[in-house]
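Chain and residue survey
Chain residues, written in single-letter form:
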Amino acid sequence: MKRFLVAASAAAIAVPALATVSPLQAQAAPTAAVSTAQATSAAHPSRNSLVAARTQAVRKANVYSRQSAKVSWRQKDRNARHLSTLTKRAKMAPHRRAALISHTQKGTMYRWGGTTPRGFDCSGYTRYVYSKAGKSLPRTARSQYAATKRTSRPAPGDLVFFGGRNAHHVGIYLGKGRMIHSPRSGKPVQVTKVWRGASYGKVR
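Notes on the structure follow. Predicted model only: the values in this text are computed from it and were never measured.

**Regarding the sheet that holds strand β6 (residues 178–181)**
Taken in spatial order, the six strands make up an open sheet running β3-β8-β4-β5-β6-β7, and their pairing is antiparallel. Looking along the sheet, the strands with just one partner apiece sit at the ends: β3 (149–151) and β7 (190–193). Averaged over neighbouring strand pairs, the angle between their axes works out to 45 degrees when direction is ignored. Sheet topology note: the β3/strand β8 (residues 198–202) ladder contains three bridges and is antiparallel. Paired with Thr 151 across the bridge in β8 is Tyr 200. Contacting β4 (159–162), β5 (169–175) and β6, helix α7 (residues 122–132) runs over the sheet at an angle of about 50 degrees to β5.

In structure tokens, the structure reads:
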């Protein structure tokens, strides 16, 4: 479970692959390879910095995910705010930001009416995560359902609803049939398989 974020992050963020040169090619034309790399960097400085920013955000999200079960609720809030800054700097779409930020709150116990890292109910959790991702959501699962656009091809970060228009539960889709959510009393925020009867909503 601790390693899941790596896969989820890969699905959530399309980080451009860095060009590589085999040792044989490098030996054959070292000057040309260096010149090409320098020219590419000069021509696309913003792209290179964006790749670096996204890579940093993913790495930090993995760190915060591993720490989540050991730190205080105050530290979880600080981690979420820091990751909010990193993902904004990386110019990620809100749903991709949410997919990463969601992991900072793993282990937070369910609390009826809860909207902070001290304790979350299901919609309080999704609302908190999306607020850190730069989007405001309504308070309840039903109103969040009404505020999102239906999709049959969810992307990591999209919302997962149960109960249709009368939604009684909501979580955040992570890809590959998994979601992260605050399930019910006595349970913490956790990653599980998507339950049967799910529908999905895009937050854009």
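**Comments concerning the side chain of Thr 104**
With respect to the helices, strands and loops of the structure, Thr 104 is situated in the loop between α6 (94–101) and β1 (115–116). In this view, Thr 104 contacts Tyr 64, Ser 68, Lys 76, Asn 79, Ala 80 and Leu 83; residues no more than four positions away in its chain are not counted.

**Remarks on the environment of Arg 139**
Looking at the element boundaries, Arg 139 is found in the loop between α7 and α8 (141–147). Sequence separation between Arg 139 and Arg 127 is 12 residues; the distance between their C-alpha atoms is 6.7 Å. One polar contact links the side chain of Arg 139 to the main-chain carbonyl oxygen of Gly 113, over a distance of 3.4 Å. Within the structure, the side chain of Arg 139 is placed 2.8 Å from the side chain of Asp 121, a separation counted as a polar contact.

**Thoughts on the packing of aromatic side chains**
Within the structure shown, the criterion is met by five aromatic pairs. Considering the side-chain rings of Phe 162 and Trp 195, the 5.1 Å spacing of their centres and the 45 degrees angle between planes classify their relative orientation as tilted. A residue pair is termed long-range when its members are at least 10 positions apart, and Phe 162 in strand β4 and Trp 195 in the loop between β7 and β8 qualify at 33 residues. With centroids separated by 5.4 Å and ring planes inclined at 70 degrees, the aromatic side chains of Tyr 173 and Tyr 200 adopt a geometry described as edge-to-face. Placement of the pair is Tyr 173 in strand β5 and Tyr 200 in strand β8, with a sequence separation of 27 residues. Cation over ring: Arg 150 sits above Tyr 145, and NZ or CZ is 3.8 Å from the ring centre.

**Some details on the packing of α6 against α7**
Closest axis-to-axis distance for the α6/α7 pair is 8 Å, and the angle between their directions is 120 degrees. Between α6 and α7 the crossing geometry is right-handed. The segment α6 lies against α7, with Pro 94, His 95, Arg 97, Ala 98 and Ile 101 engaging Val 129, Tyr 130 and Lys 132. Residue composition of the contact of α6 with α7, by class: five nonpolar, one polar and two charged.

**Points about the side chain of Lys 132**
With respect to the secondary-structure elements, Lys 132 resides in helix α7. The side chain of Lys 132 is buried and forms no salt bridge, while Asp 77, the nearest opposite charge, is found at 4.2 Å. Sequence-distant contacts of Lys 132, defined by excluding residues within four places in its chain, comprise Asp 77, Ala 80, Arg 81, Ser 84, Arg 97 and Ile 101.

**Some details on the nonpolar core**
Residues Leu 83, Leu 100, Tyr 125, Val 129, Tyr 130, Leu 159 and Ile 180 are the most contacted members of the largest nonpolar core, which totals 33 residues. Not counting residues within four places of it along the chain, the set of residues in contact with Tyr 125 comprises Ser 102, Gln 105, Phe 120, Ile 172, Ile 180, His 181, Ser 182 and Val 189. Core analysis: the next-biggest nonpolar cluster, separate from the first, contains six residues, Phe 162, Tyr 173, Met 179 and Tyr 200 among them.

Here is what the cut-offs are and how they apply
Residues numbered from 1 in each chain as written. Predicted model: local features only at pLDDT ≥ 70, side-chain atom pairs only at ≥ 80, totals over all residues. Heavy atoms only, no water. Pairing = 2+ DSSP bridges. Helix = DSSP H or I, 4+ residues; strand = E, 2+ residues; numbered from the N terminus. Axes fitted to C-alpha atoms, helices over the stretch in contact; angles between N-to-C directions. Contact = heavy atoms within 4.5 Å. Polar contact = N/O pair within 3.5 Å; in protein donor to acceptor, adjacent residues only side chain to side chain. Phe/Tyr/Trp six-rings, centres within 6.5 Å; stacked < 30°, edge-to-face > 60°. Lys NZ or Arg CZ within 6 Å of the ring centre and 35° of its normal. Left-handed = near helix turned anticlockwise from the far one by under 90°. Nonpolar A, V, L, I, M, F, W, Y, C, P; charged D, E, K, R; others polar. Buried < 20%, exposed > 50% of the residue type's maximum accessible area, 1.4 Å probe, protein only. Lys, Arg positive; Asp, Glu negative; His and termini not counted. Salt bridge = Lys/Arg side-chain N within 4 Å of Asp/Glu carboxyl O. Core = buried A, V, L, I, M, F, W, Y, C linked by side-chain atoms within 4.5 Å.

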